[in-house]
Amino acid sequence: MNSRLFPVLLVLCTGLAACADTRSGYPSLAPRPVEREVMQADAAPPAPAATPAPLPASAEVAEIVARARTVDAAFRAKVDTVRAVVEAGRSAPEGSEAWVAAQQAYSDADVGRMPVADALAALDRRREAATAAGDSAGEAAIGAALGELQELYDAETALLATLMPS
């Protein structure tokens, strides 16, 4: 064996031997007596959660449509607010402060469309449930609400397209 390698192996073996310590002076991770008592005690029954009574399907759909109309109005107000900033950024050089402000304002307005998209998704899930349950009347009512919200969403998309910086 190489004489230079022997001292290195000796140091490594000594280090490994130190890892094999079998002392048991460390505290146990087992539960202490007081902890065992607590674990064996009867847990208090959980308080019943106060859940509101579910809305009838038609009221729930009406509520979703009403919220979508409200957020649509807020979206339109946001577009009116950011329009001047976006238009100022159109003629600004790319990367300038005005251009960046226009991009941020456009993004803020674009985010405003998401609640109507979320409402569309919620109604679509309810329509699928109504279809699965064989509720043709509920399916028809939800379909009409979906059509109304789709028109809102399409109008928002068209309005946003007029804002789009070039």
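On a predicted model such as this, the values are computed, not experimentally measured, just so you know. (Residues numbered from 1 in each chain as written. Predicted model: local features only at pLDDT ≥ 70, side-chain atom pairs only at ≥ 80, totals over all residues. Heavy atoms only, no water.)

Undergrad: Tell me about the overall build of the protein chain, residues and numbers included.
TA: From N to C terminus, the protein chain includes six helices and zero strands. Moving toward the C terminus, one meets the helices and strands of the protein chain in the order α-α-α-α-α-α. Within the protein chain, residue pairs in contact and separated by at least 24 positions form 72% of the contacts whose partners lie at least 6 positions apart. As presented, the protein chain carries roughly 11800 Å² of accessible surface, and 62% of it is formed by carbon and sulfur atoms. (Helix = DSSP H or I, 4+ residues; strand = E, 2+ residues; numbered from the N terminus. Contact = heavy atoms within 4.5 Å. Areas by Shrake-Rupley, 256 points an atom, 1.4 Å probe, with all protein chains shown as cover.)

Undergrad: Explain the packing of helix 5 (residues 114-133) against helix 6 (residues 136-163) to me, using residue names and the numbers behind them.
TA: In contact at an axis separation of 9 Å, helix 5 and helix 6 are set at 160° when each is read in the N-to-C sense. Overall, the two elements helix 5 and helix 6 adopt an arrangement that is roughly antiparallel. For the element pair helix 5 and helix 6, the recorded crossing hand is left-handed. Across from V116, A117, A119, L120, L123, D124, R126, R127, A130 and T131 in helix 5, the residues of helix 6 making contact are G138, E139, I142, A145, L146, L149, Q150, L152, Y153 and E156. Looking at side-chain class alone, the contact of helix 5 with helix 6 contains twelve nonpolar, three polar and five charged residues. (Axes fitted to C-alpha atoms, helices over the stretch in contact; angles between N-to-C directions. Parallel < 35°, antiparallel > 145°, perpendicular 65-115°, else oblique. Left-handed = near helix turned anticlockwise from the far one by under 90°. Nonpolar A, V, L, I, M, F, W, Y, C, P; charged D, E, K, R; others polar.)

Undergrad: Break down helix 5 for me, with residues and values.
TA: Compared with an ideal rise of 1.5 Å per residue, which puts 20 residues at 28 Å, helix 5 spans 29 Å between its outermost C-alpha atoms and is within 8% of the ideal. Along helix 5, the residues that are buried comprise V116, A119, L120, A122, L123 and A130. The buried residues of helix 5 occupy an angular sector of 165° when projected down its axis, which confines them to one face. In helix 5, those exposed residues whose orientation departs by more than 90 degrees from the buried face are D118, R125 and A132. Remark: G134 follows helix 5 within two positions and exhibits a positive phi of approximately 75°. (Expected span 1.5 Å × (residues − 1). Buried < 20%, exposed > 50% of the residue type's maximum accessible area, 1.4 Å probe, protein only. Arc of directions from axis to C-beta.)

Undergrad: Give a description of the side chain of R113 that names residues and reports values.
TA: Take R113: it is sitting in the loop between helix 4 (97-111) and helix 5. A polar atom in the side chain of R113 sits 2.9 Å from the side chain of D110. A polar contact of 2.8 Å, which involves the side chain of R113, links it to the side chain of T157. The contact partners of R113, leaving out residues within four places of it in the chain, are F75, Y153, E156, T157 and L160. (Polar contact = N/O pair within 3.5 Å; in protein donor to acceptor, adjacent residues only side chain to side chain.)

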